[in-house]
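Examination of the molecular architecture
Chain by chain, the residues:
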Amino acid sequence: PLSQVILGGGRKYMFPKNASDVEYPHEDKHRGTRLDRRDLVQAWHDAKPPGKVAKYVWHRRDLLALNLSRVDFLLGESRHPRVPQPQWVLWGTPGSSWGGAGGRCRAVPGTAGGRIDHGHHEGKAKQALHEAVELDRAIGLATRLTSPQDTLSVVTADHSHVFTFGGYTPRGNPIFGLAPMQSDVDRKPFTSILYGNGPGYKIVAGERENVSAVDFAHANYQAQSAVPLRQETHGGEDVAVFARGPMAHLLHGVHEQNYIPHAMAYAACIGSNRAHCNAAARPAATTLLPFLALLFLLC
């Protein structure tokens, strides 16, 4: 079976090493990276059945201009692997489908909260958390547009950040405000949000900066960190994975990260392990519900 819709980021990983980028042809950092010299976009086109219309887009303008009733297969690749701008939308395309357990799979699109990651790396907690709210809204929209009867939705992340809340803040305390206590060492206030490392490390006159003298509520405020780094790092604790819909029971507890795509492929009847799909198919059934797998990445 062939996936009808593939939307994502990381365009440079699709093209041969040193191949010029279609959007930034004069910037070396955006050139192709593949050492096998393969052009995966062309390979994708070549693999499509005769008579089917396959479209590749790399710009939001081209995506919105598509006539979906005349497209059988869609590949969309933005520049950044985490799709930092809200360029891609979640939808399936009409056309042929294939049998699945309790339905048919038309698409496996996803959306990423890449700006959450960017905000944390820059130590800008306010930006990161506002982006988390936007991702939550996107998930809410997807749940309203789909049904748990035929749609598997997965929400997870590939890492955490060295981002903490502390200081015994009571209920109702501004999340971007000061903790209700001062340090019992340097007798200075601190915000309830802090980082283990990052660009927020600041020493003023040989001492930790007094945050009451700065606008810590500003969107670009960099929360204080314990270790100076130009970019904050990822954390090491387990991250959560949430699932709703068909085969959601496959995602619970603690899993290795590489298990998740296998579980989604199994649920969508993609790949080699499809025995359960054939067993579930009913010869008398004339139509089967479309099965749509949605993946949301927090960062």
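Worth saying up front: this structure is predicted, and the values here are computed from it rather than measured.

**Topic: the pattern of salt bridges**
In the structure shown here, the tally under the stated rule is nine salt bridges. Among the salt bridges present, the one from Asp62 reaches Arg61, with a minimum N-O distance of 3.7 Å. Classification of Asp62 as partly exposed rests on a relative accessible area of 27%. In this structure, the salt-bridge partner of Glu207 is Lys188, at a minimum N-O distance of 3.1 Å. A residue pair is termed long-range when its members are at least 10 positions apart, and Glu207 in strand E13 (residues 207-208) and Lys188 in the loop between strand E9 (178-182) and strand E10 (189-191) qualify at 19 residues. Residue classification places Lys188 among the buried residues on the basis of a relative accessible area of 12%. Linked through salt bridges whose partners overlap, the residues forming this network are Arg11, Asp21 and Glu23.

**Remarks on the side chain of Glu232**
Looking at where Glu232 falls in the secondary structure, it is placed in the loop between strand E14 (225-228) and strand E15 (241-244). A distance of 2.8 Å separates the side chain of Glu232 from the side chain of His161, its partner in a polar contact. In terms of polar contacts, Glu232 uses its side chain to reach the backbone amide nitrogen of Val162, at 3.0 Å. If we ignore the near neighbours within four places in the chain, the residues touching Glu232 are His120, His121, His161, Val162, Tyr195, Asn197, Gly198 and Pro199.

**Some remarks on the packing of aromatic side chains**
For any pair of aromatic rings, the description rests on two quantities: the centre-to-centre distance and the angle between the ring planes. In this structure the tally under the stated criterion is two aromatic pairs. A centroid spacing of 5.1 Å and a plane angle of 75° characterise the contact between Phe163 and Phe165, whose relative ring orientation is edge-to-face. Relative to Tyr195, the ring of Phe163 has its centre 5.5 Å away and its plane inclined at 50°; by these criteria the two rings are tilted. Within this pair, whereas Phe163 is found in strand E8 (residues 163-165), its partner Tyr195 is found in strand E11 (residues 193-198), the two being separated by 32 residues in sequence. A single burial state applies to Phe163 and to Tyr195, both of which are buried.

**What about the UniProt feature "binding site: Zn(2+)" (unreviewed entry) in the protein chain?**
When the UniProt feature table is mapped to this numbering, "binding site: Zn(2+)" (unreviewed entry) covers Asp117, His121, Asp158, His159 and His234. Topologically, His121 is positioned in helix H3 (residues 114-121). Setting aside chain neighbours within four positions, we find His121 in contact with His161, Pro199, Arg230, Gln231, Glu232, Thr233 and His234. Structurally, the position occupied by His159 is in the loop between strand E7 (151-156) and E8. Side-chain polar atoms of His159 contact the side chain of Asp158, separated by 3.4 Å.

**Thoughts on H3**
Each turn of an α-helix holds 3.6 residues, which means side chains three or four residues apart point in the same direction. Most of H3 sits inside the fold, with seven of its eight residues counted as buried. When H3 is considered as a whole, its buried residues turn out to be Gly114, Ile116, Asp117, His118, Gly119, His120 and His121. Once H3 finishes, Gly123 follows within two positions and takes phi at roughly 75°, a positive value.

**Considerations on the nonpolar core**
The biggest cluster of nonpolar side chains holds 10 residues, and these are Leu152, Val154, Val241, Ala248, Leu250, Leu251, Ile260, Ala263, Met264 and Ala267. Elements with a contribution of two residues or more to this core: E7 and helix H5 (259-268).

**Description of the sheet that holds strand E3 (residues 73-77)**
Across the sheet, three strands lie side by side as E1-E3-E2; this open sheet has parallel pairing. Every interior strand has two partners, whereas the edge strands, strand E1 (5-8) and strand E2 (54-57), have only one. Between one strand and the next, the sheet's axes are offset by a mean angle of 10°, whatever the strand orientation.

**Here's the deal with the sheet that holds E8**
The mixed open sheet is built from three strands, whose spatial order is E8-E11-E14. On the outer flanks of this sheet lie E8 and E14, each paired with one strand and no other. Each strand axis lies, on average, 20° off the axis of its neighbour in the sheet, ignoring direction. Summarising the sheet, E8 and E11 pair through three bridges and their orientation is antiparallel. The residue bridging Thr164 from the neighbouring strand is Leu194, located in E11.

**Some words on the state of the cysteines**
This structure, assessed with the given rule, holds one disulfide. A sulfur-sulfur distance of 1.9 Å marks the disulfide that ties Cys269 to Cys277. Its S-S torsion of about -105° marks the bond between Cys269 and Cys277 as left-handed, since a negative value means left-handed. Per residue, the accessibility class of Cys269 equals that of Cys277, and both read buried.

**Section: the confidence of the model for the protein chain**
The predicted coordinates should not be examined in detail at positions where pLDDT is low. Chain-level pLDDT for the protein chain is 83 on average; 81% of the residues reach the 70-or-more range. Segment residues 82-107 is flagged for pLDDT under 50; beyond a separation of four residues in sequence, or across chains, it makes 100 contacts in the model.

**Concerning the side chain of Asn197**
On the secondary structure map, Asn197 appears in strand E11. Of note is the side chain of Asn197, whose polar atom sits 3.0 Å from the backbone nitrogen of Thr233. The contacts of Asn197, once residues within four sequence positions are left out, are Val162, Ser225, Ala226, Val227, Leu229, Glu232 and Thr233.

Rules and cut-offs
- Residues numbered from 1 in each chain as written.
- Predicted model: local features only at pLDDT ≥ 70, side-chain atom pairs only at ≥ 80, totals over all residues.
- Heavy atoms only, no water.
- Salt bridge = Lys/Arg side-chain N within 4 Å of Asp/Glu carboxyl O.
- Buried < 20%, exposed > 50% of the residue type's maximum accessible area, 1.4 Å probe, protein only.
- Helix = DSSP H or I, 4+ residues; strand = E, 2+ residues; numbered from the N terminus.
- Polar contact = N/O pair within 3.5 Å; in protein donor to acceptor, adjacent residues only side chain to side chain.
- Contact = heavy atoms within 4.5 Å.
- Phe/Tyr/Trp six-rings, centres within 6.5 Å; stacked < 30°, edge-to-face > 60°.
- UniProt positions renumbered as here; feature names shortened; annotations may be inferred.
- Core = buried A, V, L, I, M, F, W, Y, C linked by side-chain atoms within 4.5 Å.
- Pairing = 2+ DSSP bridges.
- Axes fitted to C-alpha atoms, helices over the stretch in contact; angles between N-to-C directions.
- Disulfide = S-S within 2.5 Å.
- pLDDT = per-residue confidence, 0-100.

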